[in-house]
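# Notes for the structure review
So you can see what is in the structure, the chains are spelled out below.
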Amino acid sequence: MSWLRTHTCGELSAENKGEEVILNGWIATRRDLGGLIFIDLRDRYGITQIVFDETIKNLHEQAEQLRSEYVIGVKGTVLARDPETINPDMKTGEIEVEVGELIVYSRAQTPPFEIKDNITTNEEVRLRYRYLDLRRPIIQKNLLLRSEVYHTIRNFYHSKKFAEVETPFLMRSTPEGARDYLVPSRVNAGRFFALPQSPQTYKQLLMVSGFDRYFQIVKCFRDEDLRADRQPEFTQVDVEMSFINEDVIYSTHEDLMKKLWSTHLGLQVETPFPRLTYREAITKYGSDKPDLRFDVPIHDLSEIVAESDFKIFRSTVEKGGRVVAITIPGQGSLGRGALDRLTEKAKSETGAGGMIFMKHFEGQITCSVGKFLSEEMMRKMAGKASAGEGDLVLILAGPDPDVYEQMGGLRLIAGADFGLIDVTKTKFLWVTDFPLLEWSREDLRYYSLHHPFTSPRPEDLHLLDESPEKVNARAYDLVLNGSEIGGGSIRIHDTALQQKVFKILGIDEEEAEKKFGFLLNAFRYGAPPHGGIALGLDRIIMLMAGAQSLRDVIAFPKNQKAQSLMDNSPDEVDEHQLKELHIALRKSVAL
């Protein structure tokens, strides 16, 4: 037996005073004051305080047996709370429900942790009992935000004439990127599907098919090491468009971000978003996903110090390296102990060999290697670094581009340690013109920085044969507050150019035909110019929700070992299943 509720636990207000209502939910807390028992009844919509009065003896006795997380239903009357007991922090804080009837749907054991926000419970315990963790209001709020964001995204793309098309989960393996999750075929012995890392080739084929504008909210899979903002299965908004250029991609998705932020956060986002080339981002901020919420750019001091008596500066510049600096406002009085700790952080967290500092304080400019530098040189260095009275300058020297990346790491450390990052800001950025290729010293070959279907910039095509490392791509990333939330490119749609790029990547004609022949063949029947983007939906929602981990915005996430502790997967399968799939397990050999 169950009662159909008349209201949710987050719905009642003073306007409902005197009404007879039915509520269903979980017991969040129970307070026994003798003559009265107060219970906070919870569902996903909120909490309502219900009251059992001792004047109804049998009901009061039943209430004495109730415990946290019991699932109950109550019939009762809505009462206005006394003014001194009103709870302004609750949507239903002006009322309570005096219970006249009670039904217990199910009893509950004491949970392994409290069902409330701001718990310190070990994350593995929370993941093992994820169905209990999902009862916590903050997790429910995050997942409800996720649900609403899905709805907004779909409406946005449909309003712009995009077709929502599903692509296969079982596809061929393309091991050029991260490791694939492989799926053995029972009916094709010794052959395997792969779960998609991205629907890349399928969405390009949809453009060849004439669909013009496609989108999909799709699950993708990568068998790679995990971290707070990475999961083995993730959700992306996958988009492809024909007969467009980069500006159309940019403006469309700036509009989408504006829509999401205004609809769900009540915040206005300024457009157009700023743009930096990859090289500008690296040399100005030391990262291809810079955090623009604080204005601490990198300054190049190389020309000023090239002839200095300080050997490290001079030799670094002679070898083609750079001497770079950032200025920390208002920290010119920082003591030696704090600077030593910051130096150790720089060395351990960024890989820098050491850190040099310069202070502009009380009209004097001092430097930790000042005995090798003239007063005039230090003043030029301070001027180049835009350092004024009371500022601290941090300096690193090293090879390009390593020193920029190290300084980018130090910039983030300083931003956090000195409270420079304005967490109330929302700073979007497009990073453009990535290198098309990167050289692997280990494998002695080129790899695509994005993927092998990315188009080179037309003005760089002449470099493909002689200097492929100098070719820039028509690729772009969307960055928010120091996190990459999307990436895409204009694609190659010409068979000859695609084959040339394959050749540079070490993929000969036979291998290209075997792996990508279906795509190359499709191009021969007329392929439009096209491009697209993939947005990391989990990461976007994590940032919108202010969560610290992707696991807080995914219903059933994996842990750092790509395991689901709740249902113990991955798990062993029986011999019969393996035999059907034509798989024999190799026993581990003890070393």
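Details of the structure are given in the entry above.
The notes below deal with the structure included here. (Residues numbered from 1 in each chain as written. Predicted model: local features only at pLDDT ≥ 70, side-chain atom pairs only at ≥ 80, totals over all residues. Heavy atoms only, no water.)

## Topic: empty space enclosed by the protein
Throughout the structure, instances matching the rule amount to one cavity of 30 Å³ or more. Taken together, Leu127, Arg130, Phe556, Pro557, Ser564, Leu565 and Met566 form the lining of the largest cavity. Here the residues of the lining of the largest cavity are counted per class, giving five nonpolar, one polar and one charged. (1 Å grid on protein atoms, 1.4 Å probe; cavity = no way out; pocket = protein on both sides within 12 Å on 5 of 7 lines; lining within 4 Å. Points joined across faces, edges and corners; volume = space filled by probe spheres on them. Nonpolar A, V, L, I, M, F, W, Y, C, P; charged D, E, K, R; others polar.)

## A word on the sheet that holds strand S13 (residues 322-328)
Spatially, S12-S13-S16-S14-S15 is the arrangement adopted by the five strands of the open sheet, whose pairing is antiparallel. This sheet does not close on itself; its edge strands, each paired only once, are strand S12 (299-300) and strand S15 (364-367). Two elements, S13 and strand S16 (residues 391-398), share seven bridges in a ladder whose sense is antiparallel. The partner of Ala325 across the bridge, within S16, is Ile395. The sheet contacts of helix H12 (residues 402-417) involve S12, S13 and S16, and relative to S13 the element is tilted by about 10 degrees. (Pairing = 2+ DSSP bridges. Helix = DSSP H or I, 4+ residues; strand = E, 2+ residues; numbered from the N terminus. Contact = heavy atoms within 4.5 Å. Axes fitted to C-alpha atoms, helices over the stretch in contact; angles between N-to-C directions.)

## Describing a negative patch on the surface
On the surface, Asp508, Glu509, Glu510 and Glu513 cluster together into a negatively charged patch. Note that Glu509 resides in helix H14 (residues 509-523). (Patch = residues over 30% accessible without salt bridge, like charges linked within 9 Å, V, L, I, M, F, W, Y side chains within 5 Å. Areas by Shrake-Rupley, 256 points an atom, 1.4 Å probe, with all protein chains shown as cover. Salt bridge = Lys/Arg side-chain N within 4 Å of Asp/Glu carboxyl O. Lys, Arg positive; Asp, Glu negative; His and termini not counted. Charge placed at Lys NZ, Arg CZ, Asp CG, Glu CD.)

## What about the sheet that holds strand S17 (residues 428-432)?
Across the sheet, eight strands lie side by side as S6-S9-S10-S22-S21-S20-S17-S11; this open sheet has mixed pairing. Edge positions in the open sheet fall to strand S6 (163-164) and strand S11 (275-277), since each of these has one partner strand only. Two strands pair when backbone bridges link them, and strand S9 (residues 213-221) and strand S10 (residues 233-242) are joined in this way by nine bridges, in the antiparallel orientation. Paired with Val218 across the two strands is Gln236, which belongs to S10.

## With respect to the packing of aromatic side chains
When we look at a pair of aromatic rings, we describe it by the centre distance and by the angle of the planes. Taken as a whole and assessed by the stated rule, the structure comprises 17 aromatic pairs. Each ring, one from Phe453 and one from Phe502, has its centre 6.4 Å from the other, and the planes form 80 degrees; the classification is edge-to-face. With a gap of 49 residues between them, Phe453 in the loop between strand S19 (445-448) and strand S20 (475-480) and Phe502 in helix H13 (residues 495-504) connect regions that are remote in the sequence. One aromatic cluster is present, built from ring pairs that chain together Phe156, Tyr157, Phe162 and Phe215. Lying across the ring of Phe294, Arg411 places its NZ or CZ 4.0 Å from the centre. In this structure, Arg445 packs its charged tip against the face of Tyr447, placed 3.9 Å from the ring centre. (Phe/Tyr/Trp six-rings, centres within 6.5 Å; stacked < 30°, edge-to-face > 60°. Lys NZ or Arg CZ within 6 Å of the ring centre and 35° of its normal.)

## Side note on helix H7 (residues 278-285)
Regarding H7, the residues found buried are Ala281, Ile282 and Tyr285. Buried residues of H7 fall within an arc of 110 degrees about the axis and therefore sit on the same side. Contacts made by the buried residues of H7 are with S11, H12 and S17. Once H7 finishes, Gly286 follows within two positions and takes phi at roughly 70 degrees, a positive value. (Buried < 20%, exposed > 50% of the residue type's maximum accessible area, 1.4 Å probe, protein only. Arc of directions from axis to C-beta.)

## Examining the side chain of Lys558
With respect to the element layout, Lys558 can be found in the loop between helix H15 (537-545) and helix H16 (575-580). Within polar-contact distance, the side chain of Lys558 engages the side chain of Glu233 at 2.5 Å. For Lys558, the contacting residues outside a window of four places in its chain are Gln231, Pro232, Glu233, Arg551, Gln563 and Ser564. (Polar contact = N/O pair within 3.5 Å; in protein donor to acceptor, adjacent residues only side chain to side chain.)

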